[in-house]
Amino acid sequence: MSAPVPAASPGTPGALGILVFVLFFAATILLGAGLGWRRGHSGRPAGAETSEEWGLGGRSFGTWITWFLVGGDFYTAYTVIAVPALVYAVGAYGFFALPYTIIVYPFVYAVMPRLWQLAKAGGHLTAADLVRARFASRPLEIAVAATGLLAIIPYIALQLVGIRTVLEALGLPGEVPLVVAFVSLAAYTWLGGLHAPALTAFLKDVMIYLVVIVAVTVIPLHLGGYGAMFATAAAHMKPPPAGHVLGVGQAVPYATLALSSALAAFLYPHTLTGVLAARDADTIRRNAVMLPAYTLLLGLIAMLGLMAHAAGIVTSHSTAVVPLLFLRIFPGWFAGFAFAAIAVGALVPAAVMAVGAANLVTRNLLPALLPRRSGPDNARAAQVSGLLVKLAALGCILLLNPTFAIDLQLLGGVWVLQTLPALVLGLLKLGLRASGLLAGWAAGMAGGTWMVMADGLKPVHALHLGGGTMSVSTGLLALLLNLAVSLAVSGAFAGLAQPRTSWSPPWRNAARK
Amino acid sequence: MKTVPGDRRRRWPGLLLLLPVAGLLWVPFYDRPMPALFGFPFFYWYQLAWVPLTSLAIWLAWRLGRA
């Protein structure tokens, strides 16, 4: 699933399809940027936009906006392309995305309302802000911020790859589409900040829902119903052992990949930004209940990978599976609409990612010359950082290649999980210290990177236990190493005095206003 | 802020959150094609069924947790 995609389509959606695409894509960008810009400026003099306003929407988003925003930026366009591509390539094993995006919500419910309260009380915008406040350690803050930034750039790059995939399916090959995608994204985020994606997330979701519901109803009808579809798809796959759906030895990697992905999902700057922008903690709790609705959609999207087999799509470039399937089944104008939905679906998360990354740069990575407060200077700095982050993502694809972005994104998932002890376990009474967490982070980063590289860029690592072999998620193994080192080193330093911190751990009940 | 202070929330309903985690991470339980439902093998519909069940579990944990 990792080669660049040539436009080897069986047909193009025609002029009407391209027209529909351009219409919807352009309308969304103009709407998001325009409305976002007006929202960001309403009621205050020009130029007085604060970084909290640009970077966190003024922490004002209610239940529905949060639902659309987090849903829109967690279930990315790349998901719409990559999950079916994985299922097309490896069958049932690729469905681990489903348990992953289910068990993420108990985690969100248990952890995020507390983090929100602490962030609100302390005026924090990022994970690294929270960690600095909890452990009073500049090195740990930089470690957490740098990890988030490193993990998010390839993620943005993949959104650009997603836009390029549909543009190529429209018959627009070359680098021009990518530049168009980039300029749209840049304008959109610069003007609107977090308000832009929040407002367009609604449009994007309606479009994606429409496309997916039509796809999962119409396509099986073409193929003789779901039963026939599963049977035909299975004939294209390596048959699993009798009485099973997964292949031999796939159960453990399936479960551990689901778990590690779920733990990592809301440590990314973009997802955390969406959560922290909520109006109150109950908004997050309500969203933990409501967000699984998107997972239902994701499960159906994943089925597109099986449907492609049943529809007779044959390609070695599995990222092209969804565009090829749509071109095969749908009339040109609806294919154009579907591609616009995917392209807009890339824009929303990419914008939130850029905002989240910009917050990290301005608040945590730049030397603390400026006072770390909201203000016009800081908002402009965030806009510029956001642009630089997007340029880095573009460079990822143009100068290196899309495969590099995919590999880097895999590593990013392993890396970002290493910030879990500092951010989340800091909430618990475990006696963790900055020195221990920093040592654990370094061990997890080094160990995880080594395993991924040694395994030839695979997300699972083979453990040899008592004669048998078991593949386990590399991110999870690195996290275990991280935890062990964090606890051991923290324990070793337990006798020393702790520095004073600006917020006490929540069990002392001192952090609330 | 209308959040309920942490120490006044009941703790035990939080255990409900472990249900979807256990139900989905114990893969051998659902790694089977039968019984199928509407043409969906067990493997697929079982996991899809956990989507509304998880919403329900979180909602219950939230409601029952209010002191």
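The structure displayed is predicted, hence computed values, not measured ones.

Student: How should the overall build of chain A be read in this particular structure?
Tutor: For chain A, the count of helices and strands is 21 helices and 2 strands. Burial analysis of chain A (513 residues in total) assigns 61% to the buried set. Contacts in chain A between residues at least 24 apart in sequence constitute 84% of all its contacts with a sequence separation of at least 6.

Student: Explain the overall build of chain B to me, please; I cannot follow it from the model alone.
Tutor: On a plain count of helices and strands, chain B comes out with 3 helices and 0 strands. In chain B, the succession of helices and strands from N to C terminus is α-α-α. Looking at chain B as a whole, 31% of its 67 residues qualify as buried. Residue pairs at least 24 apart in sequence account for 64% of intrachain contacts in chain B once pairs closer than 6 positions are excluded.

Student: Looking at this structure, I do not really get the environment of V216 of chain A. What am I missing?
Tutor: Residues and elements named next belong to chain A. Mapping V216 onto the fold places it in helix α9 (residues 195-222). Placed 87 residues apart in sequence, V216 and M303 show a C-alpha to C-alpha distance of 8.0 Å. Beyond its immediate stretch of four places on either side in the chain, V216 contacts L300 and M303.

Student: Can you walk me through the confidence of the model for chain A in this structure?
Tutor: Low-pLDDT portions of the prediction should not be read for the details of their coordinates. Residues and elements named next belong to chain A. Put simply, chain A has an average pLDDT of 80, and 85% of its residues get 70 or more. Here helix α2 (residues 51-56) stands out as the least confident element of chain A, with mean pLDDT 67; helix α19 (residues 420-423) is the most confident, with 91. Scored below 50 in pLDDT, residues 43-48 shows 3 contacts in the model against residues more than four places distant or in partner chains. Segment residues 506-513 is flagged for pLDDT under 50; beyond a separation of four residues in sequence, or across chains, it makes 17 contacts in the model.

Student: Help me out: how do you make sense of helix α16 (residues 332-365) of chain A in this one?
Tutor: Each full turn of the α-helix corresponds to 3.6 residues, which orients residues three or four apart in the same direction. Compared with an ideal rise of 1.5 Å per residue, which puts 34 residues at 50 Å, α16 of chain A spans 47 Å between its outermost C-alpha atoms and is within 8% of the ideal. Extensive coverage of α16 of chain A is indicated by the burial of 31 of its 34 residues.

Student: Would you explain the interface of chain A and chain B in this entry?
Tutor: Note on interface size: it is often stated as the accessible area lost on association of the parts. Each side of the interface is counted separately: chain A has 38 residues, and chain B has 32 residues. Residue assignment for the side of chain A that touches chain B shows that the elements contributing at least two residues are α5 (97-122), α10 (225-235), α11 (251-265), α13 (281-290) and α14 (292-310) of chain A. Broken down by element, the residue count for the side of chain A that touches chain B peaks at 9 residues, all from α5 of chain A. Considered class by class, the residues forming the side of chain A that touches chain B number 25 nonpolar, 8 polar and 5 charged.

Student: So what exactly am I meant to see when it comes to the pairing of strand β2 (residues 468-473) of chain A here?
Tutor: Side-chain direction in a regular strand flips from residue to residue, so the side chains alternate between the two faces of the sheet. The sheet contact formed by strand β1 (residues 460-465) of chain A and β2 of chain A spans 6 bridges and is antiparallel. Following the sheet pairing, H461 of chain A is matched in β2 of chain A by V472 of chain A.

Student: Explain the nonpolar core to me, please; I cannot follow it from the model alone.
Tutor: Within soluble globular proteins, side chains that are nonpolar generally end up buried alongside one another. In terms of nonpolar packing, the biggest core is built from 207 residues, with I156, M307, L325 and A343 of chain A touching the most fellow members. Of the residues forming this core, the biggest block, 23 residues, is contributed by α16 of chain A.

Student: How do you make sense of unusual backbone geometry when you look at a structure like this?
Tutor: Only a minority of non-glycine residues have a phi that is not negative, and only a minority of peptide bonds are not trans. Geometrically, the link from M34 of chain B to P35 of chain B is a cis peptide bond, its omega value of -5 degrees lying close to zero. Here P35 of chain B is to be found in the loop between α2 (27-30) and α3 (42-65). Notably, A136 of chain A is not glycine yet its phi reads approximately 50 degrees, a positive angle. Residue placement: A136 of chain A occurs in the loop between α6 (127-135) and α7 (138-169). A positive phi is found at F38 of chain B, a non-glycine position, where the angle reads about 50 degrees. Looking at the element boundaries, F38 of chain B is found in the loop between α2 and α3.

Student: Before we go on, may I ask you to explain the packing of α5 of chain A against helix α1 (residues 18-25) of chain B in this structure?
Tutor: Helix-helix packing: each pair is described by the crossing angle between the helix axes and the interaxial distance. Interhelical geometry of α5 of chain A versus α1 of chain B gives an angle of 160 degrees and a closest axis separation of 8 Å. The angle between α5 of chain A and α1 of chain B places the two elements in the roughly antiparallel class. Where α5 of chain A crosses over α1 of chain B, the two elements pack in a sense that is left-handed. Along its contact with α5 of chain A, which presents P99, I102, I103 and P106 of chain A, the element α1 of chain B presents P20, V21 and L24 of chain B. Tallied by class, residues from the contact of α5 of chain A with α1 of chain B come to 7 nonpolar, no polar and no charged.

Student: What is the right way to read the environment of I284 of chain A from this model?
Tutor: Residues and elements named next belong to chain A. With respect to the helices and strands, I284 occurs in helix α13. With 27 C-beta atoms packed within 10 Å, I284 lands in the buried category. Separated by 222 residues in the primary sequence, I284 and G62 have C-alpha atoms spaced 9.1 Å apart. Filtering out sequence-adjacent residues up to four positions away, I284 remains in contact with M112, P113, W116, V275 and A278.

Student: What is the right way to read the confidence of the model for chain B from this model?
Tutor: Residues and elements named next belong to chain B. Summarising the model, chain B shows a mean pLDDT of 83, and 85% of its residues fall at 70 or more. Considering only residues more than four positions removed or in separate chains, one finds that residues 1-6, a stretch of pLDDT under 50, has 12 contacts. Confidence estimates for the predicted assembly give a pTM of 0.83 and an ipTM of 0.87.

The rules behind each value
Residues numbered from 1 in each chain as written. Chains lettered and ligands numbered in written order. Predicted model: local features only at pLDDT ≥ 70, side-chain atom pairs only at ≥ 80, totals over all residues. Helix = DSSP H or I, 4+ residues; strand = E, 2+ residues; numbered from the N terminus. Buried ≥ 20, exposed ≤ 12 C-beta atoms within 10 Å, placed from the backbone. Contact = placed C-beta atoms within 7 Å. pLDDT = per-residue confidence, 0-100. Expected span 1.5 Å × (residues − 1). Nonpolar A, V, L, I, M, F, W, Y, C, P; charged D, E, K, R; others polar. Pairing = 2+ DSSP bridges. Core = buried A, V, L, I, M, F, W, Y, C linked by C-beta atoms within 7 Å. Axes fitted to C-alpha atoms, helices over the stretch in contact; angles between N-to-C directions. Parallel < 35°, antiparallel > 145°, perpendicular 65-115°, else oblique. Left-handed = near helix turned anticlockwise from the far one by under 90°.

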